[in-house]
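# Breakdown of the fold
Okay, here's what each chain looks like letter by letter:
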Amino acid sequence: MRGSGSRLSAGLIFLLLLMLLVLLFTLDLLLGSTQLEVRDVLLSLFGNGTEHGEIIVMQFRLPKAVTAILAGAGMAVSGLLMQTLFRNPLAGPDVLGVSSGAGLGVALTLLTLSPLLSISPGSVLYGWSMILAAWAGAGAVMVVIMTVAARMRDIMSVLIVGLLLASAISSIVSLLQYFSNETMLKTYVIWTMGNLGNLSYMQIRILTLAVTAGSAMALIMVKPLNALLMGETFSMSVGVNMQRTRILLLATASIMAGSVTAFCGPIAFLGVAVPHITRLVFSSNDHRILMPGAAICGALILLVSDILSTLPGNGLMVPVNTVTSLIGIPVVLWIIAGKKGIGRRF
Amino acid sequence: MRYLFLLLLTLVSFYSCNSRNKTDANSGQVEADVKITAGRFTLEGQDDITKLVIIDPWQNASGEQLTYYLVPHGKDVPENVPSENVIRIPVRRMICMSTTHLAALSALGATDIIAGASGTDLVYDHTLHKAIEEGIIPDVGYEGSLNKELIVSLRPDLLMAYGVGATSAEYLRKLSEMGVKVMFNADYLEEHPLARCEWIKIFGLLTGKKEKADSLYTAVTHNYLRLAEMVRKSSESKPAVLLGAPWEDVWYISPSNSYIGSLISDAGGRYLFDDLEAPNSMPYAVEAVFKRATTADLWINPGTAESLEDIAEYDHRLAKLPVYKSGDVWNNRNRMKPGGGNDYWESAVFRPDILLADFIYMIHPALLPDHEPYYFIRLR
């Protein structure tokens, strides 16, 4: 690995990134889609603001900023796990079909069940039924993938099965969309654009639990992950139980990505792009650095995206997914065009 | 970063300058900048033959014109008229793609010519509903999944369509190729309820009930303008009106130069987004709408909510609005058929006078104390 000199600089980078995180978090609270004085925001945070200022800060901005951090970190760590497990630079939570599985759950609820049960935006069942459906969809896909992973020796086969499953699910979703009416279609399309601002504190608590549990699992797994970079044969020779590692990694990644997708919709691109950005920033392959690094970078990027999504001004907004993709795509292009080939890192 | 911002800005706020109606000093307006006469079609009659031009038939269209010649059965078509643009009147079999088209035929007592319809599960009208259940009016499918073979086999004289965008024209082109006459109805793009109601004149011409359509339009217009005049003379304060409900964390805001924006101002209300002028609804952050909504005096059409509790369950933050607490929240769900149809989207289009009376009752109850809300219900 690296000498102590680069360790030190890694520590410095962490410090800088954490400072940046605090700065962006504060900015996200200060810059909303409405104008609020800095003083009002600060007073509201400590419970001394005006009634409406307090609602805007505590019920709109704070949950949104916290969700951005959780979702960004969750997707990034989940993507890093997938890239290392499959030793593929283009892997991410979505290649396993977790996002499309969640999408299928939502589409089934919205487009087929809700007309029958008269669940519509505004009705009591709506919020939770969407989340549970997304979870169930992501979970079902995860079970299929893990069954395949337990039976197949070659990890590439698992990747291919995941991709095929994702395509098949997308086709089913298309079919459902094709036969649904405009209102339901619009609700589904808006769901696919991702949203950070609609979570209650109770939902944030559940998301926090999923992301911290996943991150803790990921941290426990850094040693086998580092070994995996040297190849599966090498890993087995140093005593890594491949079968168990695979299953654990898949479960961890799916729980995190599935939960984020259930609550926020499919957050595009973070899972693939952030691990690369993290490797570049730290110029390291050590998962002890990459894991927390990816979590912070993911949180940072989603915070920036959230701030940018209100940029048109006058209260107008763009979906957060369009922003993450517009940031993410140039980054990936830059990596591909860069001098260091990404293949060498796997 | 600046380029990214510009790109985002253009993505969100593009709109064509042409689709807004120009102010016309002679058109007898209720409000200064919205025409009360139909701006999306013109009629020109000569010798029993009517030339109908539909202007910009779908959203964001500019400079598009569709010309139809309405020629009575048995009358020779003039040489300079292309035969594909000719529609023989009265139309004997019509397929309607929108419930508002059904409502027009229903208002004229011409439902017997309906050969098929789209979205039959959303029909409110009881007579039509019965005909649908008995299979007399078959469902021809939705936009993307249109049953083209069924449409052709129904041998319609005319298919009345509406275009959401230029792509709609594309999928209907195939039907034209198969010999089905397609007419685009742009009533939903009119910015004033009276302009929208004026489309009944086209249905009158098509069904041979021109006089009935004209008298209906004249009577409704007369009632509407009388009510609007009463409001203008009497009311002083203008209560602020909040409209609609969010989808997830986006709140699509209707512009002030819209059908519903016109109703609010004619009823003596002040629309919370009276500064927004756009060809269609714009996506706002819920936070931004919330801040404005704190000053709202009443709230109309909160999505599909049927009770105050529905709103709070969907987004608990909305329950903190003063207007929610005051309970002055109304939705257009007074005339609903279990399982779908809402008369607000049907007959109301051709009864803007009743609609305006409802709005006046909600905004200035003292002006119409005896009015019984027809389309609206107060949420509890």
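Residues numbered from 1 in each chain as written. Chains lettered and ligands numbered in written order. Predicted model: local features only at pLDDT ≥ 70, side-chain atom pairs only at ≥ 80, totals over all residues. Heavy atoms only, no water.

### Structural notes on the packing of helix α2 (residues 99–107) of chain B against helix α7 (residues 200–207) of chain B
All names here are of chain B. Note the cut-off: Axis lines are fitted to C-alpha atoms, over the contacting stretch for helices. Their N-to-C directions set the angle, which ranges from 0 to 180 degrees. Numbering of helices and strands starts at the N terminus; helices are DSSP runs of H or I of at least 4 residues and strands are runs of E of at least 2. The sense of a crossing depends on the near helix, which, turned anticlockwise from the far helix by less than a right angle, makes the crossing left-handed and, turned clockwise, makes it right-handed. By the convention used here, residues are in contact when the closest approach between their heavy atoms is within 4.5 Å.
The N-to-C vectors of α2 and α7 enclose an angle of 60°; their axes lie 10 Å apart at closest approach. Like other packed secondary-structure pairs, α2 and α7 cross with a definite hand, here right-handed. Contacts between α2 and α7 involve H101, A104, L105 and A107 from the first element and I200, F203 and T207 from the second.

### So, the interface of chain B and chain A
Rules: Defined in terms of a 1.4 Å probe, buried area is the accessible area two parts forfeit on being brought together, summed over both. What counts as a salt bridge is simple: a side-chain nitrogen of Lys or Arg found within 4 Å of a carboxyl oxygen of Asp or Glu. Under this definition, polar contacts are N or O atom pairs within 3.5 Å; protein pairs additionally need one hydrogen-donor-capable and one acceptor-capable atom, and for neighbouring residues in sequence, both atoms have to be side-chain atoms. Classification used: nonpolar for Ala, Val, Leu, Ile, Met, Phe, Trp, Tyr, Cys and Pro, charged for Asp, Glu, Lys and Arg, polar for all others including Gly.
The partner chain A presents 41 residues to the 37 residues of chain B that form the contact. When the two sides are added together, the surface that chain B and chain A hide from each other amounts to roughly 4,000 Å², 66% of it contributed by carbon and sulfur. Of all residues in chain B, the largest losses of buried area upon contact with chain A belong to W247, E248 and E287 of chain B, amounting jointly to 20% of the total for that side. The interface formed by chain B and chain A contains two salt bridges. Linking E51 of chain A and K325 of chain B is a salt bridge whose minimum nitrogen-to-oxygen distance equals 3.6 Å. Put simply, chain B and chain A have 10 residue pairs in polar contact (both at pLDDT 80 or more) between them. Going through the elements one at a time, α1 (2–13), β10 (250–253), β12 (282–285), α10 (286–293), α11 (308–314) and α12 (322–326) of chain B are the ones with two or more residues in the side of chain B that touches chain A. Here the side of chain B that touches chain A gets six residues from one element, more than from any other, and that element is α1 of chain B. Residue classes in the side of chain B that touches chain A are distributed as 22 nonpolar, five polar and 10 charged.

### Re helix α3 (residues 51–86) of chain A
Residue and element names in this part refer to chain A. Put simply, the test is: What a helix should span is 1.5 Å times the count of its residues minus one. Here the bend at a residue means the angle between the axes of two seven-residue stretches, the one that ends at it and the one that starts at it. The cut-offs for exposure are 20% and 50% of the maximum accessible area for each residue type, with area from a 1.4 Å probe on protein chains only; residues under the lower value are buried, those over the upper are exposed, and the others partly exposed.
For α3, built from 36 residues, the straight-helix expectation of 52 Å at 1.5 Å per residue is met to within 8% by its first-to-last C-alpha distance of 51 Å. Within α3, the axis deviates most sharply at R61, by approximately 30°, and proline P63 lies no more than four positions further along. By the criterion of burial, α3 is predominantly enclosed, with 30 of the 36 residues buried. Within two residues after α3, R87 carries a phi angle of roughly 45°, on the positive side.

### What to know about the sheet that holds strand β2 (residues 49–55) of chain B
Note on sheets: strands pair through backbone hydrogen bonds, and any given pair is parallel or antiparallel. All names here are of chain B. For clarity, the threshold we go by: Think of it this way: DSSP has to see at least two bridges between two strands before they count as a pair.
If you trace the four strands from one edge of the open sheet to the other, you get β1-β2-β3-β4, paired in mixed fashion. Both edges of this open sheet fall to β1 (41–46) and β4 (86–89), since each of them pairs with a single strand only. Strand-to-strand twist of the sheet, defined as the mean angle between neighbouring strand axes without regard to direction, takes the value 25°. Relative to β2, β1 is paired through six bridges, and the arrangement is antiparallel. Directly across from Q46, in β2, lies its bridge partner I49.

### A few points about the pattern of salt bridges
Residues and elements named next belong to chain B. Under the definition given, this model contains 17 salt bridges over all chains. A salt bridge links R333 to E306; its shortest N-O distance comes to 3.0 Å. Here R333 is found in the loop between β14 (329–331) and α13 (352–363), whereas its partner E306 is found in the loop between β13 (298–300) and α11, with 27 residues between them in sequence. Salt-bridge contacts for R351 lead to D353; the nearest nitrogen and oxygen are separated by 3.0 Å. Given a relative accessible area of 33%, R351 falls into the partly exposed group. What makes D353 buried here is its relative accessible area of 4%. Linked through salt bridges whose partners overlap, the residues forming this network are E229, R232 and K233.

### Observations regarding the packing of α3 of chain A against helix α8 (residues 201–220) of chain A
All names here are of chain A. Convention followed: Under this scheme an angle from 65 to 115 degrees is roughly perpendicular, one under 35 degrees roughly parallel, and one over 145 degrees roughly antiparallel; angles in between are oblique.
Where α3 meets α8, the closest approach of the two axes is 10 Å, and the angle between their N-to-C directions is 25°. Here α3 is positioned roughly parallel relative to α8, judged by the angle of their axes. Here the hand of the crossing between α3 and α8 comes out left-handed. Along its contact with α3, which presents M58, Q59, L62, P63, V66, T67, L70, G74, V77 and L81, the element α8 presents Y201, I204, L207, T208, V211 and A218.

### What to know about the nonpolar core
One broad trend across soluble globular proteins is that nonpolar side chains are buried collectively. The condition is simple: What is meant by a nonpolar core is a set of buried Ala, Val, Leu, Ile, Met, Phe, Trp, Tyr and Cys residues, joined one to another through side-chain atoms within 4.5 Å. Those domain boundaries reflect an automatic or database domain assignment.
In terms of nonpolar packing, the biggest core is built from 216 residues, with M183, L206 and F359 of chain B touching the most fellow members. For this core, the element with the most residues is α3 of chain A, which contributes 18 residues. When residues are assigned to domains, this core turns out to be shared by domain 1 (41–218) and domain 2 (236–378) of chain B, each giving three or more. Not counting chain neighbours up to four residues away, the residues in contact with F359 of chain B comprise I260, L263, I264, A267, I300 and F376 of chain B. Of all hydrophobic cores here, the second largest spans five residues; its members include I49, Y69, V71 and V86 of chain B.

### Digging into unusual backbone geometry
Backbone torsion omega between I89 of chain B and P90 of chain B reads -5°, so that peptide bond is classified as cis. Along the polypeptide, P90 of chain B turns up in the loop between β4 and β5 (94–96). Positive phi, close to 30°, is recorded for S283 of chain A, a residue that is not glycine. Here S283 of chain A falls in the partly exposed class, since its relative accessible area comes to 32%.

### Here's the deal with the environment of G271 of chain A
Tracing the backbone shows G271 of chain A in helix α12 (residues 270–282). Dropping the residues within four chain positions of it, G271 of chain A is found in contact with M75, G79, L80, Q83, A91, G92 and P93 of chain A.

### Details of a nonpolar patch on the surface
This is how the line gets drawn: A patch is a set of surface residues, each over 30% in relative accessible area and not in a salt bridge, joined within 9 Å for like charges and within 5 Å for the nonpolar side chains Val, Leu, Ile, Met, Phe, Trp and Tyr. Per-residue and other accessible areas follow the Shrake-Rupley method at a 1.4 Å probe size, with only the shown protein chains counted as cover for residues.
A cluster of nonpolar side chains, L12, L15, L16 and M19 of chain A, forms an exposed patch at the surface whose accessible area comes to about 430 Å². Tracing the backbone shows L16 of chain A in helix α1 (residues 4–30).

### As for the sheet that holds β14 of chain B
Residues and elements named next belong to chain B. Pairing is mixed across the open sheet formed by five strands, whose spatial order is β11-β9-β13-β14-β15. Of all the strands in the sheet, just β11 (270–271) and β15 (377–378) have a single pairing partner and so form its edges. Summarising the sheet, strand β9 (residues 240–243) and β11 pair through two bridges and their orientation is parallel. Bridging from a neighbouring strand, V241 pairs with Y271 of β11. The sheet strands contacting α13 are β9, β13 and β14, and the helix crosses β13 at an angle near 155°.

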